[in-house]
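Structural overview for review
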Amino acid sequence: MTAVLDYPQLKAALSKELPGIEIQADGSFLLVSPEDMHKVCERLTSLPSIQMDYLTNLTAADYSEYIEIIFHLNSITHNTSATVKTRLTDKKNPKMASVVDIWRGAELQEREIYDLFGVFFENHIGLKRIFLWEGFEGYPLRKDFVNGH
Amino acid sequence: MAIKTENFILNIGPQHPSTHGVFRLRIVLDGEVITDLEPVFGYLHRGIEKLAEGRTYLQDIPFTDRLDYLGSMTNNHAYVMAVEKLAGITVPERAEYIRVILDELQRIASHLAGLGFFLNDLGALQTPLLYMFREREKIVELFDMCSGQRLNYNYYRFGGFVQDLPEEFLPALKILLDTLPGFIDEYEQLISTNEIVLIRTKGVGVLKRDLAINSSAAGPVLRASGINWDIRRNDPYSIYNRFEFDIPIAKNGDTYDRYMIRILEMRQSVRILRQAVKDLPEGEIMGKAPKLLKPPAGEVYSRIEGPKGELGFYLVSDGTDKPYRWRVRPPCLLNLSALKDMVVGWKVADLMAIFGSIDIVMGEVDR
């Protein structure tokens, strides 16, 4: 059975590595500020006791106050899993650092989030719309995008 | 004097028999050698994730059939399992056994189709494909018996199934299980040691172990690269921990290994099926679930080992009868993450062999 990491412990380990960053440990996920996300992801993969080497799922969800980016991570080495989230409050111009340099698996998923939610990932290797055509107006998975139905 | 050369850009698709649907590959060629590749997606994008948000949980089950349409049963399972987790619905024993039976049958059917098309891509036109489809047809008939459909089954419900297995199902399944290992032997005899297949696949399109993990590859593609990772074993769901089976692992990560893993997995599926049919209990096939489902506010990520890899559903509920966010973790799309690294340096003719061995279905890539 894949064990879910203990979030308070994970928070303590990360705070020790990266003093001064803001992390909240909820019961079911770790909440990190968007500016620190890249640093935290780097440590999550490199710390031998955590070693989240497999990015299982990367997605987003649109809420009224913010856009949430959700990372579902796995460690194939330790058979553990963790959920890490970050919230982008600037909904007009949401952006965060890309994690493609850490996990190649993020490449297509970040493009998907850019396409459907309009989140800009800085330093992505080729950020452009993945499913919709360039010039399509709006971001379909935002709640304010009205469906044809 | 050096001859001046120029790179050549070639478009493959979107309409091309080897791209398994509407998919475009833009490749840059130096002579016959591929130097760069860019996959172009979106020709089959139907906006399923958005559409699902506008319908009730129950109305979303048919959408899952239309993701990877060669693996509808497993898609159904992944989705209903996520909703059951979200709403706290328990599934009766008999239904769990039937789920395992249908999932493993679906895995065999999907691998058969995948291998058939793979050999088609290698240039063995139609003959191997029809050998594979001969057996797949029997599985499709079994699914037809229980769901009334040959492709998009829509058979799973929250808490169980829409109806019990018909009485002719198990006798037909037993006959299939008796004959299937012989047919897999036949495939191996015809293909596994075939000289042309060996030359075209051994050592071709290697996906290295580290890159396989880093690029979120899943399923047979991941295991062919030597990683022992199968959700059925590593994060057991349903009742998979009751069965004895092995997880086949290869070590080279080449096209041949990706082919071989699927053959070996089919044999293991037969093993699981035999145990499940033997132990199948009588009883209810539907747990207690409300007609109009309103899961409590919250979120869930739930996953199964589908035929193509880890198929996950991330659902967010806001307490209403419609999901707030409906996300599919598509193994077919993510298995293409490292496609460029696999094909650069190989010739155009190898591209289709490598691409075919990943086994993708566009319905799930584009959604």
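As a starting point, this report considers the structure included with it. (Residues numbered from 1 in each chain as written. Chains lettered and ligands numbered in written order. Predicted model: local features only at pLDDT ≥ 70, side-chain atom pairs only at ≥ 80, totals over all residues. Heavy atoms only, no water.)

1. Thoughts on the nonpolar core
With 157 residues, the main nonpolar core has Ile 69 and Phe 71 of chain A together with Leu 102 and Leu 105 of chain B as its most contacted residues. The biggest single contributor to this core is helix H4 (residues 93–122) of chain B, with 14 residues. Aside from chain neighbours lying at most four places away, what touches Leu 102 of chain B is Met 73, Phe 143, Cys 146, Tyr 155, Tyr 156, Phe 161 and Phe 169 of chain B. Of all hydrophobic cores here, the second largest spans eight residues; its members include Ala 61, Tyr 66 and Ile 70 of chain A together with Val 316 of chain B. (Core = buried A, V, L, I, M, F, W, Y, C linked by side-chain atoms within 4.5 Å. Buried < 20%, exposed > 50% of the residue type's maximum accessible area, 1.4 Å probe, protein only. Helix = DSSP H or I, 4+ residues; strand = E, 2+ residues; numbered from the N terminus. Contact = heavy atoms within 4.5 Å.)

2. A short note on the layout of surface pockets
Quantified by volume, the largest pocket comes out at close to 580 Å³. Around the largest pocket sit 25 residues that line it, and Val 4 and Ser 81 of chain A together with Lys 85, Asp 235 and Tyr 301 of chain B are the ones nearest its centre. Of all the elements in the fold, those that place two or more residues in the lining of the largest pocket are strand S5 (67–75) and strand S6 (80–88) of chain A together with helix H3 (72–87) and strand S6 (298–306) of chain B. It is S6 of chain B that provides the largest number of residues to the lining of the largest pocket, a total of five residues. Considered class by class, the residues forming the lining of the largest pocket number eleven nonpolar, ten polar and four charged. Approximately 360 Å³ is the volume attributed to the second largest pocket. The wall of the second largest pocket is formed by 17 residues, among which Glu 107 and Ile 125 of chain A together with Leu 37, Pro 39 and Lys 340 of chain B lie closest to the centre. (1 Å grid on protein atoms, 1.4 Å probe; cavity = no way out; pocket = protein on both sides within 12 Å on 5 of 7 lines; lining within 4 Å. Points joined across faces, edges and corners; volume = space filled by probe spheres on them. Nonpolar A, V, L, I, M, F, W, Y, C, P; charged D, E, K, R; others polar.)

3. Some words on the interface of chain A and chain B
Contacts between the two partners involve 43 residues from chain A, matched on the other side by 40 residues from chain B. Ranking the residues of chain A by area buried against chain B places Tyr 54, Arg 104 and Phe 131 of chain A at the top, with a combined share of 20%. On inspection of chain A and its partner chain B, the count reaches six salt bridges. One salt bridge connects Glu 53 of chain B with Lys 143 of chain A, and the closest N-O pair in it is separated by 3.2 Å. Where chain A packs against chain B, one counts 26 residue pairs in polar contact (both at pLDDT 80 or more). When contributions to the side of chain A that touches chain B are tallied by element, the ones reaching two or more residues are strand S4 (54–62), S5 and helix H3 (106–117) of chain A. In terms of residues, the side of chain A that touches chain B owes the most to one element, S4 of chain A, which gives nine residues. Along the lines of polarity and charge, the residues of the side of chain A that touches chain B split into 20 nonpolar, 13 polar and ten charged. (Buried area = accessible area lost by both parts, 1.4 Å probe. Salt bridge = Lys/Arg side-chain N within 4 Å of Asp/Glu carboxyl O. Polar contact = N/O pair within 3.5 Å; in protein donor to acceptor, adjacent residues only side chain to side chain.)

4. Considering the sheet that holds strand S2 (residues 24–30) of chain B
All names here are of chain B. The three strands are arranged S1-S2-S3 in an open sheet whose pairing can be described as antiparallel. The open sheet has two edge strands with one neighbour each: strand S1 (8–12) and strand S3 (33–40). Recorded for the sheet is a direction-independent mean angle of 20 degrees between the axes of neighbouring strands. Pairing analysis gives five bridges linking S1 to S2, with the strands arranged antiparallel. For Asn 11, the partnering residue across the bridge sits in S2 and is Arg 26. The sheet contacts of helix H14 (residues 348–358) involve S1, S2 and S3, and relative to S2 the element is tilted by about 145 degrees. (Pairing = 2+ DSSP bridges. Axes fitted to C-alpha atoms, helices over the stretch in contact; angles between N-to-C directions.)

5. Notes on empty space enclosed by the protein
Under the criterion given, the structure shown has four cavities of 30 Å³ or more. In this structure, the largest cavity occupies an estimated 50 Å³ of space. As for the largest cavity, its lining consists of Glu 112, Leu 116, Pro 140 and Leu 141 of chain A together with His 45, Gly 47, Ile 48, Glu 49, Lys 50 and Arg 367 of chain B. Mapped onto the lining of the largest cavity, the elements with two or more residues apiece are H3 of chain A together with helix H1 (48–53) of chain B. Top contributing element to the lining of the largest cavity by residue count: H1 of chain B, with three residues. Tallied by class, residues from the lining of the largest cavity come to four nonpolar, two polar and four charged.

6. Looking at helix H6 (residues 169–192) of chain B
All names here are of chain B. In a regular helix each residue adds 1.5 Å, so 24 residues correspond to 34 Å; H6 covers 32 Å between its end C-alpha atoms and thus fits that length. In H6, a bend of some 35 degrees at Thr 179 exceeds every other bend along the element, and Pro 181, a proline, comes one to four places later. Within H6, the full set of buried residues consists of Phe 169, Leu 173, Leu 176, Leu 177, Leu 180, Ile 184, Tyr 187, Glu 188, Ile 191 and Ser 192. Among the structural elements, H4, helix H5 (127–147), helix H7 (195–201) and helix H11 (255–279) are those in contact with the buried residues of H6. (Expected span 1.5 Å × (residues − 1). Bend = angle between axes of the 7 residues up to and from the residue.)

7. Overview of the packing of aromatic side chains
Geometry of an aromatic ring pair is reported as the spacing of the ring centres plus the angle between the planes. For the structure on display, the rule yields 22 aromatic pairs over all chains. Ring pairs connect the aromatic residues Tyr 79, Phe 158, Phe 313 and Trp 326 of chain B, which therefore count as one cluster. Above the face of the Tyr 324 of chain B ring, Lys 143 of chain A is positioned so that its terminal group lies 4.0 Å from the ring centre. (Phe/Tyr/Trp six-rings, centres within 6.5 Å; stacked < 30°, edge-to-face > 60°. Lys NZ or Arg CZ within 6 Å of the ring centre and 35° of its normal.)

8. Here's the deal with the packing of H4 of chain B against H6 of chain B
Residue and element names in this part refer to chain B. Two elements in contact, H4 and H6, have axes separated by 13 Å at closest approach and are oriented at 30 degrees. Classed by the angle they form, the pair H4 and H6 counts as roughly parallel. Once H4 is placed against H6, the crossing between them reads as left-handed. Contact residues: Ile 101, Leu 102, Leu 105, Ile 108, Leu 112 and Leu 119 in H4; Phe 169, Leu 173, Leu 176, Leu 180, Tyr 187 and Ile 191 in H6. (Parallel < 35°, antiparallel > 145°, perpendicular 65-115°, else oblique. Left-handed = near helix turned anticlockwise from the far one by under 90°.)

9. What to know about the pattern of salt bridges
Applying the stated criterion across every chain, the model contains 39 salt bridges over all chains. When the shortest N-O distance is used, the salt bridge between Arg 43 of chain A and Glu 42 of chain A registers 3.9 Å. Classification of Arg 43 of chain A by relative accessible area gives partly exposed; the value is 22%. Between Asp 62 of chain A and Lys 91 of chain A there is a salt bridge; the shortest N-O distance is 2.8 Å. Of the two residues, Asp 62 of chain A is situated in strand S4 and Lys 91 of chain A in the loop between S6 and strand S7 (95–97); the sequence distance between them amounts to 29 residues. Given the relative accessible area of 3%, Asp 62 of chain A is considered buried. Through salt bridges with shared partners, a single network forms among Glu 104, Arg 107, Arg 223, Asp 230, Arg 232, Glu 265 and Glu 305 of chain B.

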